[in-house]
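In case you want the letters, here they are:
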Amino acid sequence: WSSNVCSSDLTPGTAYRLVVPARCPEPGTFTRLQVNWVDNSGRGLAPYLSPIGCTSQWAEYATVVHAPAHAAAGHFYVTGNTELPVLIQHVSMAW
């Protein structure tokens, strides 16, 4: 996985905390925390998307997500929500 994407097997119905230390050099920038859920056959389920306002100082951005009932894995993405740059240190996920 790259520094802004990670995939993980998971337990349906379990809460997971996604944490991202990041900063945005330009004002008015948003980062996006996203989970693309897939079932056992690899079919996509409804994704989780959360745009978060980002500051010029390093900060920890976090959210708690709940794996859907039929989810077998989640692909966690952290990206900019626009064309403005977002600097990301790493992505972590824990339950």
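Provided above is the structure to which this section pertains.
Notes on the structure in this doc start here. (Residues numbered from 1 in each chain as written. Predicted model: local features only at pLDDT ≥ 70, side-chain atom pairs only at ≥ 80, totals over all residues. Heavy atoms only, no water.)

Concerning the state of the cysteines
Convention followed: Only a pair of cysteine sulfur atoms within 2.5 Å counts as a disulfide in this structure description. A run of DSSP states H or I qualifies as a helix once it reaches four residues; a run of E qualifies as a strand once it reaches two. Both are numbered from the N-terminal end.
With the rule as written, the count across this model stands at one disulfide. Paired through a disulfide, C24 and C54 show a sulfur-sulfur distance of 2.1 Å. Here the disulfide of C24 and C54 is right-handed, its torsion about the S-S bond being about 100°. Within this pair, whereas C24 is found in the loop between β2 (15–23) and β3 (30–38), its partner C54 is found in the loop between β4 (48–53) and β5 (59–66), the two being separated by 30 residues in sequence.

Considering the side chain of Q34
Applied cut-off: Accessible area is worked out with a 1.4 Å probe on protein chains only. A residue is then buried under 20% of its type maximum, exposed over 50%, and partly exposed in between. Any pair of nitrogen or oxygen atoms within 3.5 Å is treated as a polar contact; in protein, a donor-acceptor pairing is required on top of that, and neighbouring residues in sequence qualify only through side-chain atoms on both sides. Only heavy atoms matter for contacts: two residues are in contact if any of them lie within 4.5 Å across the pair.
Within the element layout of this structure, Q34 appears in strand β3. In this structure Q34 comes out as buried when scored by relative accessible area, which is 13%. At 2.8 Å, the side chain of Q34 forms a polar contact with the side chain of N36. Ignoring sequence-local partners within four residues, the contact set of Q34 consists of Y48, L49, H75, F76 and Y77.

Let's talk about the packing of aromatic side chains
Quick reminder of the rule: Ring geometry is summarised as follows: Phe, Tyr and Trp rings, the Trp one being its six-membered ring, pair when their centres sit within 6.5 Å, and such pairs are stacked at plane angles under 30 degrees, edge-to-face over 60 and tilted between the two.
Applying the stated criterion to the full structure yields one aromatic pair. Ring geometry for W37 against F76: centres 6.2 Å apart, planes inclined by 75°, an arrangement best described as edge-to-face. Of the two residues, W37 is situated in strand β3 and F76 in strand β6 (residues 73–80); the sequence distance between them amounts to 39 residues. In this structure, W37 and F76 share a single accessibility class: buried.

Observations concerning the pattern of salt bridges
Pairing between side chains of opposite charge can happen when their charged atoms approach one another. Worth spelling out the cut-off: Basic side-chain nitrogens of Lys or Arg form a salt bridge, by our definition, when they fall within 4 Å of a carboxyl oxygen of Asp or Glu.
Counted by the stated rule, this structure contains one salt bridge. Note that R43 is salt-bridged to D39, the shortest N-O span being 3.1 Å. Taking relative accessible area as the criterion, R43 reaches 56% and is therefore assigned exposed. Overall, the relative accessible area of 12% leaves D39 in the buried class.

A few points about the environment of P68
The residue P68 is located in the loop between β5 and β6 in this model. Each C-alpha atom, one on P68 and one on N81, is 24 Å from the other, the two residues being 13 residues apart in sequence.

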